[in-house]
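What follows is the residue order along each chain.
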Amino acid sequence: MSDVLFSNVTIIDGSGAAPFPGQVLVRGNRIEAVARTGEETSALEAGMGRARVIDGGGATLMPGLVEAHAHVSFCDTPNLEGLGDMPPEEHTLQTMKFARKMLDQGFTALFSAATAKERLDIVIRNAIEAGDIPGPRMRAASLELTVTGGLGDVRRSHMYRETFAQCCDGPDEFRKAARTACREGVDTLKINPSGDEFVPFARADMTVMNDEEVAAVAEVARSRGKKLAAHSRSAESVKMCVRHGVDVIYHATLADEEAMDMVESVKDRVFVAPAMGIMYATSRGEGAAWGITEDAPVALYFRKELESCIECMKSLTKRGVRVLPGGDYGFAWNPIGNNARDLEHFVNLLGYTPLEAIRAATALGGELFGADIGLIKAGYLADLLLVDGDPSKDVTILRDQDRLTAIMKDGSFHKAPEGPGEAGRVAAQ
Ligand SMILES: [Zn+2]
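Residues numbered from 1 in each chain as written. Predicted model: local features only at pLDDT ≥ 70, side-chain atom pairs only at ≥ 80, totals over all residues. Heavy atoms only, no water.

1. So, the pattern of salt bridges
Two side chains carrying opposite charge are able to pair once their charged atoms lie near each other.
Inference 1: Tallying each qualifying case throughout the model produces 29 salt bridges.
Inference 2: Note that Glu264 and Arg319 form a salt bridge whose closest N and O atoms lie 2.8 Å from each other. One end of the pair, Glu264, is in helix 8 (residues 257–265); the other, Arg319, is in the loop between helix 10 (297–318) and strand 15 (322–323), and 55 residues separate them in sequence.
Inference 3: Judged by its relative accessible area of 29%, Glu264 is partly exposed.
Inference 4: Classification of Arg319 by relative accessible area gives buried; the value is 13%. (Salt bridge = Lys/Arg side-chain N within 4 Å of Asp/Glu carboxyl O. Helix = DSSP H or I, 4+ residues; strand = E, 2+ residues; numbered from the N terminus. Buried < 20%, exposed > 50% of the residue type's maximum accessible area, 1.4 Å probe, protein only.)

2. Looking at the nonpolar core
Inference 1: In terms of nonpolar packing, the biggest core is built from 104 residues, with Leu189, Ile249, Val263 and Met313 touching the most fellow members.
Inference 2: Counting residues per element, this core draws most heavily on helix 10, at ten residues.
Inference 3: A domain-level breakdown of this core finds at least three residues from each of domain 1 (4–64 + 373–428) and domain 2 (65–339).
Inference 4: Other than its neighbours up to four places away in sequence, Leu189 contacts Ser142, Ala178, Ala181, Cys182, Val217, Val220, Ala221, Lys227, Leu228 and Ala229. (Core = buried A, V, L, I, M, F, W, Y, C linked by side-chain atoms within 4.5 Å. Domains from an automatic or database assignment. Contact = heavy atoms within 4.5 Å.)

3. Points about the environment of Val238
Inference 1: Relative to the helices and strands, Val238 is located in helix 7 (residues 235–244).
Inference 2: Spatially, the C-alpha atom of Val238 lies 6.1 Å from that of Ala252, the residues being 14 residues apart in sequence.
Inference 3: For Val238, the residues in contact, after removing those within four places along its chain, are Ser232, Ile249, Ala252, Ala259 and Val263.

4. Some remarks on the coordination of the zinc ion
A metal bound by six donors in octahedral fashion has ideal angles of 90 or 180 degrees, whereas one bound by four tetrahedral donors has an ideal angle of 109.5 degrees.
Inference 1: Coordination of the zinc ion by the protein comes from His69 (NE2), His71 (NE2) and Asp328 (OD), over a distance range of 2.1 Å.
Inference 2: Along the chain, the residues donating to the zinc ion are arranged with the sequence spacing H-x1-H-x256-D. With His71 in the loop between strand 6 (65–70) and helix 2 (81–85) and Asp328 in the loop between strand 15 and helix 11 (341–348), this residue pair connects regions lying 257 residues apart in the sequence. Comparing His71 with Asp328 shows no difference in burial state: the two are buried. (Donors = N, O, S within 2.8 Å, 3.2 Å for Na, K, Ca; no water.)

5. Section: the layout of surface pockets
Inference 1: Here the largest pocket defines a volume of roughly 580 Å³.
Inference 2: If you go around the largest pocket, you meet 34 residues; those closest to its centre are Leu80, Leu151, Asp196, Phe198 and Val199.
Inference 3: If you tally residues by element for the lining of the largest pocket, the top one is helix 10, at three residues.
Inference 4: Residues of the lining of the largest pocket, tallied by class, amount to 17 nonpolar, seven polar and ten charged. (1 Å grid on protein atoms, 1.4 Å probe; cavity = no way out; pocket = protein on both sides within 12 Å on 5 of 7 lines; lining within 4 Å. Points joined across faces, edges and corners; volume = space filled by probe spheres on them. Nonpolar A, V, L, I, M, F, W, Y, C, P; charged D, E, K, R; others polar.)

6. So, the sheet that holds strand 6
Inference 1: Spatially, three strands are ordered 6-7-8 in an open sheet, and the strand pairing comes out parallel. Both outer strands of the open sheet, strand 6 and strand 8 (137–139), are each paired with one neighbouring strand and no more. Shown here is a sheet whose adjacent strand axes are inclined to one another by a mean of 15°, direction ignored. (Pairing = 2+ DSSP bridges. Axes fitted to C-alpha atoms, helices over the stretch in contact; angles between N-to-C directions.)

7. Concerning the pairing of strand 13 (residues 248–251)
Inference 1: Pairing of strand 12 (residues 227–232) with strand 13 involves four bridges; the strand directions are parallel. The residue bridging His231 from the neighbouring strand is Tyr250, located in strand 13.
Inference 2: The β-α-β motif built from strand 12, the intervening helix 7 and the parallel element strand 13 has right-handed crossover chirality.
Inference 3: Read as a crossover between parallel neighbours, the route from strand 13 over helix 8 to strand 14 (residues 271–273) is right-handed. (Right-handed = clockwise from strand over helix to strand, strands pointing away.)

8. A few points about the domain arrangement of the chain
Inference 1: On domain assignment, one finds that the chain holds domain 1 (4–64 + 373–428) and domain 2 (65–339).
Inference 2: Placing the centre of domain 1 and that of domain 2 at their C-alpha centroids yields a distance of 33 Å.
Inference 3: With 16 residues of domain 1 at the interface, the matching set in domain 2 holds 15 residues.
Inference 4: For the pairing of domain 1 and domain 2, the buried interface totals around 1300 Å² over both sides, and the portion due to carbon and sulfur atoms is 56%.
Inference 5: One can count two salt bridges joining domain 1 with domain 2.
Inference 6: Between domain 1 and domain 2 we count six residue pairs in polar contact (both at pLDDT 80 or more) in total.
Inference 7: Among the secondary structure elements, those contributing two or more residues to the side of domain 1 that touches domain 2 are strand 5 (60–63) and strand 17 (404–409).
Inference 8: Top element by residues in the side of domain 1 that touches domain 2 is strand 17. It accounts for four residues. (Buried area = accessible area lost by both parts, 1.4 Å probe. Polar contact = N/O pair within 3.5 Å; in protein donor to acceptor, adjacent residues only side chain to side chain.)

Rendered as structure tokens:
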């Protein structure tokens, strides 16, 4: 792995600071030095002689994106039942394809919000780490641990059907499922304390797990050093998450004042990710080709819940809670690869500036991931995007794969800069 010097780039460092012209030196898999133009440091100058120089021609260099609510094994399914119907062999190959797609779209790290088969996330994470297949860094999750009749239970009494979740009832069953997931090697345990509007017998405003069940999984997560993530739309389920030390509260879309006060009281350790992408696409009728038209009950419902979500997220942001993009991409009408659309939702719906949205998807994502990623800073891992254009003015650029002219993960190019003029612009010294 040769050293790489990005010169003549405009740096968005991920911290929310204004972009500045400068140079970034990568040595091995880490960022060795960052310097503003005209303020080159001795560390940078020392490394220049041995580095491969990439002249960015004024393009933007920014940290790789972090997806806070990834479902690479959901494989753009048109319905939840389809996930259980897919045989493991096909499912593994498909998941591998979607993991690569995420990296192609500039996501250099994924925090999974549940796997669709017990070991899928784990196997894909391990293969990526071993260098066997291309893909982002990954935090592998368990199945959705849910209750009988909760989100993820697609079984019916009169027929045999595999589901994509694991149905548990009572603290003992939840504890056993959580311990098994830890044995198999997950990084994150996922629970479904609230329902969802797609589930006719456990709606979004219903809290279907009880305190003993959440406490049982929380104890397993704590004792084994795992993260705990929860699908929590209802206000009561958000409170339950705070009571039991859940690390990542997904949705929190129906949080009331008391729930938001409680989240604020633990803002130094908790993350909230509303997953606006799926609500937005569903409410806009983008699922029409799959039977979810704009006037379908679930679409009408999500229009309302999205309004509530916007109010809650604006309030939580104002209170200093870390709110992250990551929108449940992995369904047919909210497909994997579109994940950067969530940054647009943060700008258009929550009133974030583009730089604030980028910070949420990079620096804050890195804090959730728990590694030195998400910032362009000396000592940090070299996960970098070279972008043709200025995402600090227009985040929609980030959804266009062609505008990502280089993608570096862990100091290696997944996509190397190329094109006419390469010989002049990329010179080995
Ligand atoms: Zn999800």
